[in-house]
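Structural features, examined
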Amino acid sequence: MPYLVAEDLPAQAAGRRFRELIERGGIARLPGAHNGMAALQAKAAGFEGLYLSGAAMTASMGIPDLGFITVDEVAFFIRQIARASGLPVLVDGDTGYGEALNVMHMVRAFEEAGAGAVHLEDQLLPKKCGHLNDKKLADAHDMAAKVAAAAKARRDLYVIARTDAAASEGLDGAVARARLYMEAGADAIFPEALNTAEMFRAFAERMPGVPLLANMTEFGKTPFFTADEFEAMGYRMVIWPVSSLRVANKAQEKLYAAIARDGGAHAMVDEMQTRAELYATIGLHDYEALDASIVQTIIPTDMPQRG
């Protein structure tokens with residue numbers, strides 16, 4: 001049913017639902033959803049949580065992922081995904097949009113928008129995708145202060161600390177940072193851009209009992225692993241951050257090329273979502289039925305009298 005009906009809304013806060021998803025065991029599979037439609041389609045496929053990627057958000061806006069979008073712009077994406085799906089969403093919080101107070105503002109804004117979790121990273125601005133070179137790292141204690149600020153600001157939000165240190169400080173540096181961030185109040189750790197199964201296993205072995213997140217992005221430094229393989233390596237969450245956007249963008253590219261070539265979209269009709277499929281996905285008829293059940297035309301039965 002539509003999210004407009006109070007009794008159909010989740011009874012628990014998104015942060016609590018996200019925590020339960022992680023703590024029940026197994027590995028949480030969190031595909032990227034770059035807008036409300038993607039969120040609905042992921043939910044229909046059976047997923048119980050979603051990921052909102054900064055790279056996917058910025059790319060969908062036609063700009064690079066360099067950390068210059070704002071908290072309010074991200075909150076817009078959070079609201080549409082959380083409203084559409086009702087699922088707990090893990091949100092990419094970049095570097096926290098500033099220092100400690102900025103991080104606290106981000107946490108409050110994201111939680112109020114409906115986020116279930118956020119991850120913060122230990123890069124300096126302008127930050128980069130974790131799978132690119134020459135990333136600049138923040139001081140570990142400065143990052144720990146941001147994690148502590150996030151933990152202080154949240155009500156239920158699940159806080160994940162991401163470290164990009166493996167590329168420049170090695171596994172020892174990444175582990176040391178991760179332990180510091182856990183002490184500061186993080187709920188889980190996201191070791192970014194590990195590039196072999198041995199590295200994934202070694203990191204997990206040195207962080208016993210800590211929930212870990214793996215990033216299965218395409219065209220990056222990490223080889224392809226399945227969710228089950230990540231679980232066997234000791235990970236509790238896996239994201240596919242930009243996959244939905246990559247597929248959608250490739251399909252759109254084909255469409256525009258076909259229109260330019262053929263003077264119309266007729267050659268692409270078989271690859272389109274039909275009108276009926278679109279309406280079924282967004283629940284058009286449910287909204288129409290809800291509207292009809294509440295709004296009814298009142299017909300006057302008496303002549304108004306002159307005073």
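Above this text is the structure in question.
Here we summarise the structure given alongside this text. (Residues numbered from 1 in each chain as written. Predicted model: local features only at pLDDT ≥ 70, side-chain atom pairs only at ≥ 80, totals over all residues. Heavy atoms only, no water.)

A few points about the overall build of the protein
The cut-off we apply is this: To qualify as a helix, a DSSP run of H or I must reach at least 4 residues; to qualify as a strand, a run of E must reach at least 2; elements of each kind are numbered from the N terminus. Only protein chains enter the area calculation, which uses a 1.4 Å probe; residues under 20% of their type maximum are buried, those over 50% are exposed, and those in between are partly exposed. In this description, contact between two residues means that some pair of their heavy atoms is separated by no more than 4.5 Å. Accessible surface area values rest on a Shrake-Rupley calculation with a 1.4 Å probe, where residue burial reflects the displayed protein chains alone. Neither His nor the chain termini are counted; the positive set is Lys and Arg, and the negative set is Asp and Glu. Charge positions come from single atoms, namely NZ of Lys, CZ of Arg, CG of Asp or CD of Glu.
Check the secondary structure of the protein and you find 12 helices and eight strands. Across its three principal directions, the C-alpha atoms of the protein cover 85 × 60 × 35 Å. Going through the 307 residues of the protein one by one, you find that 46% of them count as buried. For the protein, the share of sequence-separated contacts (at least 6 apart) that also reach a separation of at least 24 residues comes to 71%. Counting only carbon and sulfur atoms, one obtains 55% of the accessible surface of the protein, whose full area is about 15800 Å². Taking the average location of the 30 positive side-chain charges in the protein and that of its 40 negative ones, the two points are 2 Å from each other.

What to know about the sheet that holds strand β7 (residues 213–215)
Applied cut-off: The rule for pairing is simple: two strands pair if DSSP sees at least two bridges between them. Only the stretch in contact is used when fitting a helix axis, every axis being a line fitted to C-alpha atoms; angles between N-to-C directions are given from 0 to 180 degrees.
Spatially, three strands are ordered β1-β8-β7 in an open sheet, and the strand pairing comes out parallel. Pairing within the sheet leaves two strands with one partner each, and these edge strands are β1 (28–31) and β7. Ignoring which end each strand starts from, the neighbouring axes of this sheet average 20 degrees apart. The pairing of β7 with strand β8 (residues 237–240) spans three bridges and is classified as parallel. Looking at β8, one finds that A214 is bridged to V238. The strands touched by helix α1 (residues 14–23) are β1 and β8; relative to β1, the strand with the most contacts, the crossing angle is about 130 degrees.

A look at the sheet that holds strand β2 (residues 50–52)
Spatially, β2-β3-β4-β5-β6 is the arrangement adopted by the five strands of the open sheet, whose pairing is parallel. Edge strands, defined here as strands with exactly one partner in the open sheet, are β2 and β6 (188–191). The mean inter-strand angle of the sheet, taken between neighbouring strand axes irrespective of direction, is 25 degrees. The pairing of β2 with strand β3 (residues 89–92) spans three bridges and is parallel. Counted as the bridge partner of L52 is V91 from β3.

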